[in-house]
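# Structure at a glance
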Amino acid sequence: MASSAIPRGQVDLVDFVDWSSVECLNQTTSHSLANALKQGYRDDDGLHLESDADEQLLIYVPFTQMVKLHSAVITGPEDEGPRTVKLFANKEHMGFSNVNEYPPSDSLSLSPDNLKGKPVTLKYVKFQNVRSLTIFIEDNQGGDDVTKVQKIALFGTTVDTTNMKDLKKIEEH
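Let me begin by describing the structure that accompanies this report. (Residues numbered from 1 in each chain as written. Predicted model: local features only at pLDDT ≥ 70, side-chain atom pairs only at ≥ 80, totals over all residues. Heavy atoms only, no water.)

Before going further, it helps to spend a moment on the nonpolar core. In this structure, I59, F63, I135, I152 and L154 are the most contacted members of the largest nonpolar core, which totals 32 residues. Elements with a contribution of two residues or more to this core: helix 1 (34–37), strand 4 (57–75), strand 5 (84–89), strand 8 (130–137) and strand 10 (151–158). Per element, the largest residue contribution to this core is eight residues, and it comes from strand 4. Once residues lying within four places of it in the same chain are set aside, the contact partners of I135 are L57, L58, I59, V61, V85, K86, L87 and I152. Counting five residues, the second largest nonpolar core, distinct from the first, contains L58, F88, V99 and F136. (Core = buried A, V, L, I, M, F, W, Y, C linked by side-chain atoms within 4.5 Å. Buried < 20%, exposed > 50% of the residue type's maximum accessible area, 1.4 Å probe, protein only. Helix = DSSP H or I, 4+ residues; strand = E, 2+ residues; numbered from the N terminus. Contact = heavy atoms within 4.5 Å.)

Bringing a negative patch on the surface into the picture now. Together, E78, D79, D144 and D145 make up a negatively charged patch on the protein surface. Assignment of secondary structure puts D144 in the loop between strand 8 and strand 9 (148–149). Residue class for D144 comes out partly exposed when judged on its relative accessible area of 34%. (Patch = residues over 30% accessible without salt bridge, like charges linked within 9 Å, V, L, I, M, F, W, Y side chains within 5 Å. Areas by Shrake-Rupley, 256 points an atom, 1.4 Å probe, with all protein chains shown as cover. Salt bridge = Lys/Arg side-chain N within 4 Å of Asp/Glu carboxyl O. Lys, Arg positive; Asp, Glu negative; His and termini not counted. Charge placed at Lys NZ, Arg CZ, Asp CG, Glu CD.)

This next bit is on unusual backbone geometry. Phi is positive for N26, close to 70°, though the residue is something other than glycine. On the secondary structure map, N26 appears in the loop between strand 2 (23–25) and helix 1. What makes N26 buried here is its relative accessible area of 17%. At N90, a position not held by glycine, the phi torsion is positive, near 60°. Considering the arrangement of structural elements, one finds N90 in the loop between strand 5 and strand 6 (106–109). By relative accessible area, which is 38% here, N90 ends up partly exposed.

A few words now on the packing of aromatic side chains. Under the definition given, this model contains one aromatic pair. Note on F96 and F136: the rings are 6.3 Å apart at their centroids and 65° apart in plane angle, and the pair reads as edge-to-face. Here F96 is found in the loop between strand 5 and strand 6, whereas its partner F136 is found in strand 8, with 40 residues between them in sequence. In this structure, K38 packs its charged tip against the face of W19, placed 5.0 Å from the ring centre. (Phe/Tyr/Trp six-rings, centres within 6.5 Å; stacked < 30°, edge-to-face > 60°. Lys NZ or Arg CZ within 6 Å of the ring centre and 35° of its normal.)

This part covers the pairing of strand 8. When you tally the buried positions in strand 8, you get seven out of eight residues, the bulk of the element. When strand 5 meets strand 8, the two strands line up antiparallel, connected through five bridges. Counterpart to F88 in the pairing with strand 8 is T134. (Pairing = 2+ DSSP bridges.)

This part takes up the pattern of salt bridges. With the rule as written, the count across this model stands at six salt bridges. Its salt-bridge partner being R42, residue D12 comes within 2.2 Å of it at the nearest N-O pair. Pair noted here: D12 is in strand 1 (residues 11–12) and R42 is in the loop between helix 1 and strand 3 (49–50), with a separation of 30 residues, a long-range link. On the basis of relative accessibility, which here comes to 21%, the residue D12 falls in the partly exposed class. Among the residues examined, R42 registers a relative accessible area of 6% and is labelled buried.

Structure follows, in structure tokens:
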């Protein structure tokens with residue numbers, strides 16, 4: 001993907017992912033989420049995330065600090081790549097049983113261009129103070145039982161929070 005596709009001022013949020021708490025439901029053990037989300041792995045065409053029992057995947061990505069989410073790149077094969085993707089900001093402990101009980105913060109319908117790396121711009125106002133993102137991949141392009149995701153990249157900015165410990169007392173002279 002050309003770096004020019006990322007809007008100015010937006011950064012790849014991979015460095016702000018809290019890896020110890022990332023979860024993915026319905027992934028095959030041999031083709032896990034790390035293949036699509038982790039730097040290095042996600043750029044290797046031989047690696048991908050694959051659904052197990054059916055075509056759906058439920059991915060929970062917490063961040064180490066608040067972020068503003070601007071756009072996403074989700075790539076996959078032409079037929080098995082994701083089609084309908086629902087994003088939920090700050091919704092924890094979602095499962096397949098209750099994912100349809102909540103309105104998504106945004107709902108994406110991925111095109112073949114998106115699957116090749118064209119970024120999807122999100123409803124920016126819905127993703128201002130994001131501590132975690134739940135990604136529900138509902139179906140795939142071909143309507144098959146297996147969904148494959150080669151890359152998930154999230155772009156945005158960190159929310160600048162002031163750390164009180166970093167403030168220096170100003171002495172009067």
